[in-house]
Amino acid sequence: MNPMRIALIAHDKKKDAIVALANEFAALLRQHTLMGTGTTGGRLESEVGLNVERLLSGPLGGDLQIGARLAMGEVDIVIFLRDPMTAQPHEPDISALLRACDVHNVPCATNVSTARLLLDDLARR
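Since we're looking at a predicted model, the values are computed, not measured.

Peer 1: Please explain the pattern of salt bridges as it appears in this structure.
Peer 2: Working definition: two side chains of opposite charge can pair if their charged atoms are close together. Taken as a whole, this structure holds nine salt bridges when the rule is applied. Ionic pairing is found between Asp 76 and Arg 5, a salt bridge with its closest N-O pair at 3.0 Å. Separated by 71 residues along the polypeptide, Asp 76 in the loop between α4 (62-71) and β4 (77-81) and Arg 5 in strand β1 (residues 5-10) bring together distant segments of the chain. According to the relative accessible area criterion, Arg 5 is partly exposed, its value standing at 29%.

Okay, here's the thing in structure tokens:
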């Protein structure tokens, strides 16, 4: 299996959840190329020991950076744990990233249950 390019993003209130998810799937994630937005990527590196290319934080353009890579065919899976109960100042960037996933037919998990399904499927390949 060729390494997949996986984007890992989490809103502030979901960062603990993405760290827990990454710990659960650490052995699998280490086999792939990972990128993440600023703080999320830093936590995944320091708390899980993953090698994550860190882009800008979401509010500073990280979501747009991932969206641009996705549009160029450089992202295979997006795991974006969103906080639906908190307004985000960069909501247009978030919507653009999710729209890019739909346009380019890239799997996108926005909650832990869907992320587990995607990662379980990837582990079976």
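So that's the structure; there's more coming.
Peer 1: Teacher, can you tell me more about the sheet that holds β4 here?
Peer 2: Within a sheet, adjacent strands bond to each other through the backbone by hydrogen bonds, running parallel or antiparallel. The five strands are arranged β3-β2-β1-β4-β5 in an open sheet whose pairing can be described as parallel. Among the strands making up the open sheet, the edge pair consists of β3 (52-54) and β5 (108-109). Here β1 pairs with strand β2 (residues 33-36) via four bridges, running parallel. By the bridge assignment for β2, Ala 7 is matched with Met 35. Along the sheet face, α4 touches β1, β2, β3 and β4 and points at about 155° away from the line of β1.

Peer 1: Is there a simple way to think about the pairing of β2 in this case?
Peer 2: Note on strand geometry: in a regular strand, side chains alternate between the two faces of the sheet. Note: β2 against β3, three bridges, orientation parallel. Looking at β3, one finds that Leu 34 is bridged to Val 52. Chirality of the crossover, the property in question, places the unit of β2, helix α3 (residues 38-48) and β3 among those that are right-handed.

Peer 1: Looking at this structure, I do not really get the packing of helix α1 (residues 15-24) against α3. What am I missing?
Peer 2: Each pair of packed helices can be described by the angle between their axes along with the distance between the axes. At their nearest, the axes of α1 and α3 sit 10 Å apart, and the two run at 45° to each other. One way to sum up the angle between α1 and α3 is to call them oblique. Crossing geometry of α1 relative to α3 is assigned as right-handed. Contacts from Lys 15, Asp 16, Ile 18, Val 19, Ala 22 and Asn 23 of α1 reach α3 at Thr 39, Thr 40, Arg 43, Leu 44, Glu 47 and Val 48. Looking at the contact of α1 with α3, its residues break down into five nonpolar, three polar and four charged.

Peer 1: Sorry, what's going on with the side chain of Asp 83 here?
Peer 2: Tracing the backbone shows Asp 83 in the loop between β4 and α5 (91-103). Although Asp 83 lies buried, it forms no salt bridge, and the closest oppositely charged side chain, Lys 13, sits 4.5 Å away as judged by the N-O distance. In this structure the side chain of Asp 83 is engaged in a polar contact, spanning 3.1 Å, whose partner is the backbone nitrogen of Met 85.

Peer 1: Hey, could you run me through unusual backbone geometry in this one?
Peer 2: Where the residue is not glycine, phi is negative for most of them; where a peptide bond is considered, it is trans in most cases. Even without being a glycine, Asn 105 presents a positive backbone phi close to 55°. As for its placement among the helices and strands, Asn 105 is situated in the loop between α5 and β5.

What counts as what
Residues numbered from 1 in each chain as written. Predicted model: local features only at pLDDT ≥ 70, side-chain atom pairs only at ≥ 80, totals over all residues. Heavy atoms only, no water. Salt bridge = Lys/Arg side-chain N within 4 Å of Asp/Glu carboxyl O. Helix = DSSP H or I, 4+ residues; strand = E, 2+ residues; numbered from the N terminus. Buried < 20%, exposed > 50% of the residue type's maximum accessible area, 1.4 Å probe, protein only. Pairing = 2+ DSSP bridges. Contact = heavy atoms within 4.5 Å. Axes fitted to C-alpha atoms, helices over the stretch in contact; angles between N-to-C directions. Right-handed = clockwise from strand over helix to strand, strands pointing away. Parallel < 35°, antiparallel > 145°, perpendicular 65-115°, else oblique. Left-handed = near helix turned anticlockwise from the far one by under 90°. Nonpolar A, V, L, I, M, F, W, Y, C, P; charged D, E, K, R; others polar. Lys, Arg positive; Asp, Glu negative; His and termini not counted. Polar contact = N/O pair within 3.5 Å; in protein donor to acceptor, adjacent residues only side chain to side chain.

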